[in-house]
Amino acid sequence: MKKKWLAIGLSLALAAGTVTGCAGSSQEGDGNQGSDSSGTGEVTTLRIALKGISMEDERQKTWFDNYNKALQEAGIPVELEVVEMQSGTYSDNLALMLNSGDIPDIIYFQGGDQVFAAQGVLEDLTPYIEKSKYVKDALEDFQQERLKNYPYLLFATPALTPVPVIRTDVLNSCPSAQTVLNDPTIENYTKLFEELMADHEAVWGLDGTLNGINAMFDQAFGLTNTWLKDDSGEYVYSRVSDQSLEELKYYAELYQKGIIDKDYLSANWEVKENDFYSNKTAIISGNQGAVINLYNSN
């Protein structure tokens, strides 16, 4: 039955992100999908651990109910059972659960997977991808190379583009909102940030890196490529270029004003999102697609 749950794990990976299958949970299959090779008609329940998912949320429960129904209609005798995670940091709670010996069949990781891969907990996905009907052809060249080096995680997704978001009502409450929309210069953005400080502990919520705010300001500072030509015509890595230095100077000004969260270096995804939902911060960035849709729905 392993062939069935790996097929599900791969399809979920296309929507949810970094997913692994766990070794030793079932018998090896022949790679065919969409049929019950045992002929028993029994349905196998596969436990899946995902961040931010709970069956207490009616929308999420409905989604999984419909997904399980679709599996049955497709002739795949499998259903997914979501593992309820304790409140708090997902990665920490996941590690505690796995170390206790409670290992779900399919796992969404946000770091920490190397430890369990070294213990032999995670399944090598290579043979299943080779036998897959859709996933094999959907992978980009860089994803295939990544799997050669580390075949335990499947991250079958287009290139991720961070997008900054702000609540519409919060933006519209600022006098300079329309000015920024009409003329999005650095100066106008700075004025908007200063207005947002009146009702927030900080404006920008980040999670230990500057990647989120870089997505907004890189082009404004001429950071349009990974490698840039300097005045002598030589190529220089963009993050050690003069343009990057000017961008960092601007961020330093924002940091001194409290616009960038002063605790951003020690923050993680959970802290960043919680601060945003509780209106402590006004702006965060998320990957275009599923993450932005999650912010919109919440």
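Residues numbered from 1 in each chain as written. Predicted model: local features only at pLDDT ≥ 70, side-chain atom pairs only at ≥ 80, totals over all residues. Heavy atoms only, no water.

### Observations concerning a nonpolar patch on the surface
- A cluster of nonpolar side chains, Trp 227, Tyr 235, Tyr 237 and Val 240, forms an exposed patch at the surface whose accessible area comes to about 490 Å².
- Here Trp 227 is to be found in strand 6 (residues 227-229).
- With relative accessibility at 51%, the residue Trp 227 sits in the exposed group. (Patch = residues over 30% accessible without salt bridge, like charges linked within 9 Å, V, L, I, M, F, W, Y side chains within 5 Å. Areas by Shrake-Rupley, 256 points an atom, 1.4 Å probe, with all protein chains shown as cover. Salt bridge = Lys/Arg side-chain N within 4 Å of Asp/Glu carboxyl O. Helix = DSSP H or I, 4+ residues; strand = E, 2+ residues; numbered from the N terminus. Buried < 20%, exposed > 50% of the residue type's maximum accessible area, 1.4 Å probe, protein only.)

### Here we look at the environment of Leu 228
- Its location among the elements puts Leu 228 in strand 6.
- Look at Leu 228 and you get buried, because its relative accessible area is 8%.
- Here the alpha-carbon distance between Leu 228 and Ser 241, two residues 13 residues apart in the chain, equals 7.7 Å.
- Aside from chain neighbours lying at most four places away, what touches Leu 228 is Gly 222, Leu 223, Glu 234, Tyr 235, Val 236, Ser 238, Ser 241 and Gln 243. (Contact = heavy atoms within 4.5 Å.)

### Concerning the pattern of salt bridges
- A complete count under the given rule lists ten salt bridges for this structure.
- Of the charged contacts in the structure, one is a salt bridge between Arg 239 and Glu 247, with a shortest N-O distance of 3.3 Å.
- Residue classification places Glu 247 among the buried residues on the basis of a relative accessible area of 1%.
- When salt bridges that share partners are traced, they join Asp 218, Arg 239 and Glu 247 into one network.

### Focus on a negative patch on the surface
- On the surface, Asp 230, Asp 231, Glu 234 and Asp 242 cluster together into a negatively charged patch.
- Position of Asp 231 among the secondary structure elements: in the loop between strand 6 and strand 7 (235-237). (Lys, Arg positive; Asp, Glu negative; His and termini not counted. Charge placed at Lys NZ, Arg CZ, Asp CG, Glu CD.)

### Thoughts on the side chain of Gln 143
- Positionally, Gln 143 belongs in helix 7 (residues 141-149).
- By relative accessible area, Gln 143 is classed as buried at 3%.
- A distance of 3.2 Å separates the side chain of Gln 143 from the backbone oxygen of Phe 155, its partner in a polar contact.
- Sequence-distant contacts of Gln 143, defined by excluding residues within four places in its chain, comprise Ala 138, Phe 155, Ala 156 and Thr 157. (Polar contact = N/O pair within 3.5 Å; in protein donor to acceptor, adjacent residues only side chain to side chain.)

### As for the confidence of the model for the protein
- When pLDDT is averaged along the protein, the result is 86; 88% of the residues meet or exceed 70.
- Of all secondary-structure elements in the protein, the lowest mean pLDDT belongs to helix 1 (residues 2-16), at 37, while helix 12 (residues 242-256) reaches the highest, 97.
- The model gives residues 1-17 a pLDDT under 50, and that stretch makes 61 contacts with residues more than four places away or in other chains.
- Below a pLDDT of 50 lies the segment residues 26-35, which in the model reaches 24 contacts outside its immediate sequence neighbourhood of four places, other chains included. (pLDDT = per-residue confidence, 0-100.)

### A word on the pairing of strand 2 (residues 44-49)
- By the bridge criterion, five bridges tie strand 2 to strand 3 (residues 78-82) in an arrangement that is parallel. Each residue of the ladder has a partner; that of Arg 47, found in strand 3, is Glu 81.
- The sheet contact formed by strand 2 and strand 4 (residues 106-108) spans two bridges and is parallel. Residue pairing for strand 4: Ala 49 is matched across the bridge by Ile 107. (Pairing = 2+ DSSP bridges.)

### Brief notes about the nonpolar core
- Ile 48, Leu 80, Leu 94, Phe 109 and Leu 122 are the most contacted members of the largest nonpolar core, which totals 26 residues.
- Elements that contribute at least two residues to this core include exactly strand 2, helix 2 (58-73), strand 3, helix 3 (90-99), strand 4 and helix 4 (113-118).
- Ranked by residue count, the leading element in this core is helix 3, at four residues.
- Ala 177, Leu 192, Leu 210 and Ala 282 belong to the second largest nonpolar core, which has 25 residues in total. (Core = buried A, V, L, I, M, F, W, Y, C linked by side-chain atoms within 4.5 Å.)

### Section: the environment of Val 82
- Tracing the sequence through the fold places Val 82 in strand 3.
- Note on Val 82: relative accessible area 10%, which makes it buried.
- Spatially, the C-alpha atoms of Val 82 and Ser 54 are 7.3 Å apart, while their sequence positions differ by 28 residues.

### Focus: the packing of aromatic side chains
- Counted under the stated rule, the structure contains 17 aromatic pairs.
- For the pair Trp 227 and Tyr 237, a centre-to-centre distance of 5.7 Å together with 55° between the ring planes defines the contact as tilted. On the criterion of sequence distance, the pair formed by Trp 227 in strand 6 and Tyr 237 in strand 7 is long-range, its members being ten residues apart.
- Looking at Tyr 237, the relative accessible area reads 37%, which means it is partly exposed.
- A centroid spacing of 6.1 Å and a plane angle of 50° characterise the contact between Phe 276 and Tyr 277, whose relative ring orientation is tilted.
- According to the relative accessible area criterion, Phe 276 is buried, its value standing at 7%.
- Aromatic ring contacts, followed pair by pair, group Tyr 189, Phe 193, Phe 217, Phe 221, Tyr 250 and Tyr 251 into a single cluster.
- The ring of Trp 269 is capped by Lys 272, whose NZ or CZ atom sits 3.5 Å from the centre of that ring. (Phe/Tyr/Trp six-rings, centres within 6.5 Å; stacked < 30°, edge-to-face > 60°. Lys NZ or Arg CZ within 6 Å of the ring centre and 35° of its normal.)

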